[in-house]
Amino acid sequence: MAYFKIIDKGKGINRLFIGGVHGKEGLSTFKALTEIREDDVGDGKLTIYNCDQSPYMSTLNPLYYQSKVGKEVLHLINYYQPQIYMEAHCYKQESYLKLIDPGRRTEKGVPPLIELEKGVLIGSASPNIRTTLFKRDDVCITLEMPCNPSEDSLDVYIKVLRILAVSSNRDDLEKRMKVIYPKQVETARKYAREFFGDYPPF
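Explanation requested: the environment of G109 in the structure shown.
For G109, the location among the structural elements is in the loop between helix 4 (104-108) and strand 5 (114-117). In this structure G109 comes out as partly exposed when scored by relative accessible area, which is 34%. Placed 54 residues apart in sequence, G109 and P55 show a C-alpha to C-alpha distance of 22 Å. Leave out the neighbours within four places in its chain, and G109 touches R104 and F195.

Is there a simple way to think about the sheet that holds strand 5 in this case?
Pairing between the strands of a sheet comes from backbone hydrogen bonds, and it takes one of two forms, parallel or antiparallel. Pairing is mixed across the open sheet formed by seven strands, whose spatial order is 1-3-2-4-7-6-5. The sheet terminates laterally at strand 1 (3-8) and strand 5, the two strands that pair on one side only. Each neighbouring strand pair of the sheet contributes to a mean axis angle of 20 degrees, computed without reference to strand direction. The sheet contact formed by strand 2 (residues 13-19) and strand 4 (residues 84-91) spans five bridges and is parallel. Within the sheet, the bridge partner assigned to L16 lies in strand 4 and is Y85. Contacting strand 2, strand 3 (44-50), strand 4, strand 5, strand 6 (120-124) and strand 7 (139-146), helix 6 (residues 151-166) runs over the sheet at an angle of about 170 degrees to strand 7.

Help me understand the state of the cysteines, please; the structure alone is not making it clear to me.
Counted by the stated rule, this structure contains one disulfide. Residue pairing for C90: its cysteine sulfur links by disulfide to C147, the two sulfurs lying 2.1 Å apart. Taking the sign of the S-S torsion, 85 degrees for the link of C90 and C147, the bridge is right-handed. Note that C90 is positioned in strand 4 and C147 in the loop between strand 7 and helix 6, a separation of 57 residues in sequence.

In this structure, what is going on with helix 1 (residues 26-33)? I would like to understand it.
Those residues of helix 1 that fall on the buried side of the exposure criterion are G26, S28, T29, A32 and L33. Down the axis of helix 1, the buried side of the element spans an arc of 155 degrees, and every buried residue falls inside it. Elements that come into contact with the buried residues of helix 1 comprise strand 1, strand 2, strand 3, strand 4, strand 7 and helix 6.

Looking at this structure, how should I read the packing of helix 1 against helix 6?
For any two helices packed against each other, one specifies the crossing angle of their axes together with the interaxial distance. One can describe the packing of helix 1 onto helix 6 by two numbers: an axis separation of 9 Å at closest approach and a directional angle of 60 degrees. With respect to each other, helix 1 and helix 6 are oriented oblique. Handedness of the helix 1/helix 6 crossing: right-handed. Between helix 1 and helix 6, the residues in contact are T29, K31, A32 and L33 and L154, Y157, I158 and L161, respectively. For the contact of helix 1 with helix 6, a count of residues per class yields six nonpolar, one polar and one charged.

Where do I start with the pattern of salt bridges in this structure?
Scanning the entire structure with this criterion turns up 10 salt bridges. One salt bridge in this structure joins E194 and R105, with 3.9 Å as the shortest N-O distance. Residue E194 is found in helix 8 (residues 182-196), and its partner R105 is found in helix 4; the two are separated by 89 residues along the sequence. Accessibility expressed as a relative area gives 37% for R105, which makes it partly exposed.

It is not clear to me how unusual backbone geometry should be interpreted in this structure. Could you clarify?
Peptide bonds are, in most cases, trans, and in most cases residues other than glycine have a negative phi. With phi around 55 degrees, K118 is a residue other than glycine that occupies positive phi space. With respect to the helices and strands, K118 occurs in the loop between strand 5 and strand 6. Phi at N148 takes a positive value of approximately 50 degrees, unusual for a residue other than glycine. Residue position: N148 is located in the loop between strand 7 and helix 6.

I'm lost on a negative patch on the surface in this one. Help?
A surface patch of like charges, here negative, comprises E35, E151, D152 and D155. Tracing the sequence through the fold places D155 in helix 6. Owing to a relative accessible area of 43%, D155 belongs among the partly exposed residues under this scheme.

Each value, and the rule that gives it
- Residues numbered from 1 in each chain as written.
- Predicted model: local features only at pLDDT ≥ 70, side-chain atom pairs only at ≥ 80, totals over all residues.
- Heavy atoms only, no water.
- Helix = DSSP H or I, 4+ residues; strand = E, 2+ residues; numbered from the N terminus.
- Buried < 20%, exposed > 50% of the residue type's maximum accessible area, 1.4 Å probe, protein only.
- Contact = heavy atoms within 4.5 Å.
- Pairing = 2+ DSSP bridges.
- Axes fitted to C-alpha atoms, helices over the stretch in contact; angles between N-to-C directions.
- Disulfide = S-S within 2.5 Å.
- Arc of directions from axis to C-beta.
- Parallel < 35°, antiparallel > 145°, perpendicular 65-115°, else oblique.
- Left-handed = near helix turned anticlockwise from the far one by under 90°.
- Nonpolar A, V, L, I, M, F, W, Y, C, P; charged D, E, K, R; others polar.
- Salt bridge = Lys/Arg side-chain N within 4 Å of Asp/Glu carboxyl O.
- Patch = residues over 30% accessible without salt bridge, like charges linked within 9 Å, V, L, I, M, F, W, Y side chains within 5 Å.
- Areas by Shrake-Rupley, 256 points an atom, 1.4 Å probe, with all protein chains shown as cover.
- Lys, Arg positive; Asp, Glu negative; His and termini not counted.
- Charge placed at Lys NZ, Arg CZ, Asp CG, Glu CD.

What follows is the structure, given as structure tokens:
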């Protein structure tokens, strides 16, 4: 379900939230992204884009970025040059254990996602774009919730979106997130050091 909105709060950083980047995820991410209001955004700009339905291909597959929607994602990143980038995803319940499995690094080549609460998961954006389109200190987050989320899951998801929307940089985001999710932030930092070395995604 396509949706586009720009919230411009004047001088400051650029933020880009993109949802529904493959399959039917946009039907669920639309519910969260449309809840972001002008008062939720800190100084700078937030661009929100929810994609139309498209054939499913993992963003971990380099060929994804040659697809129609993959090219849209690349265009938006290159055009808006965000310092905070967030991909909004949803997952089927049967995929939950695979997404948080420590063996995901061996099987998929990326660290497992980390549960915040109520089935909401967080991790880094695909390394296919993280290490090529962004600077070291940029924030590049993947945020997942169950597709057709419960009210509790959706509330948590929107809460994290609002933290991202108001944060001004990576340090600011970490401080805000550590107040609510201290253990998860430390786990994210650990995964970042192990996977990215001196190029942390969180």
